[in-house]
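# Summary of structural features
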Amino acid sequence: MNTSEPSGRDSGTEKLNWIDRRRQKIRAEIDRNRRGEYTVPTWVLAAALVLIVGAWLALILFAG
């Protein structure tokens, strides 16, 4: 058993790398948004459509 070799990744280094990757992703997203490449997520569009259709149907059913 050789104790001078590291047994695996250092958790501090791994956490730092994760933080750096996360910061890079956030910076890239902010840059895309500033360039006007922002898109609305599909689930938000689907929820808005369901809300509009539901309100329309409720208006038809309960107004009559």
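Preceding block: the structure.
The present account deals with the structure reproduced in this document. Because the structure is predicted, anything quoted here is derived from the model rather than measured.

### Comments concerning the overall build of the protein chain
In terms of regular secondary structure, the protein chain is built from two helices and zero strands. Looking at the protein chain as a whole, 0% of its 64 residues are labelled buried. Approximately 6500 Å² of the protein chain is accessible, and the part contributed by carbon and sulfur atoms is 61%.

### Some words on the pattern of salt bridges
Applying the stated criterion across every chain yields a total of one salt bridge. A salt bridge links E37 to R35; the shortest N-O distance between them is 3.1 Å. Given the relative accessible area of 44%, E37 is considered partly exposed.

### Re a nonpolar patch on the surface
A cluster of nonpolar side chains, L49, V53, W56, L57, I60, L61 and F62, forms an exposed patch at the surface whose accessible area comes to about 800 Å². With respect to the helices and strands, the residue L49 is situated in helix α2 (residues 42-63).

### Structural notes on α2
An ideal rise of 1.5 Å per residue puts 32 Å on 22 residues; α2 measures up with 31 Å between its terminal C-alpha atoms. Burial within α2 is sparse, with just zero of its 22 residues counted as buried.

Thresholds applied
Residues numbered from 1 in each chain as written. Predicted model: local features only at pLDDT ≥ 70, side-chain atom pairs only at ≥ 80, totals over all residues. Heavy atoms only, no water. Helix = DSSP H or I, 4+ residues; strand = E, 2+ residues; numbered from the N terminus. Buried < 20%, exposed > 50% of the residue type's maximum accessible area, 1.4 Å probe, protein only. Areas by Shrake-Rupley, 256 points an atom, 1.4 Å probe, with all protein chains shown as cover. Salt bridge = Lys/Arg side-chain N within 4 Å of Asp/Glu carboxyl O. Patch = residues over 30% accessible without salt bridge, like charges linked within 9 Å, V, L, I, M, F, W, Y side chains within 5 Å. Expected span 1.5 Å × (residues − 1).

Geometric descriptors of this kind do not, in isolation, establish any biological role.
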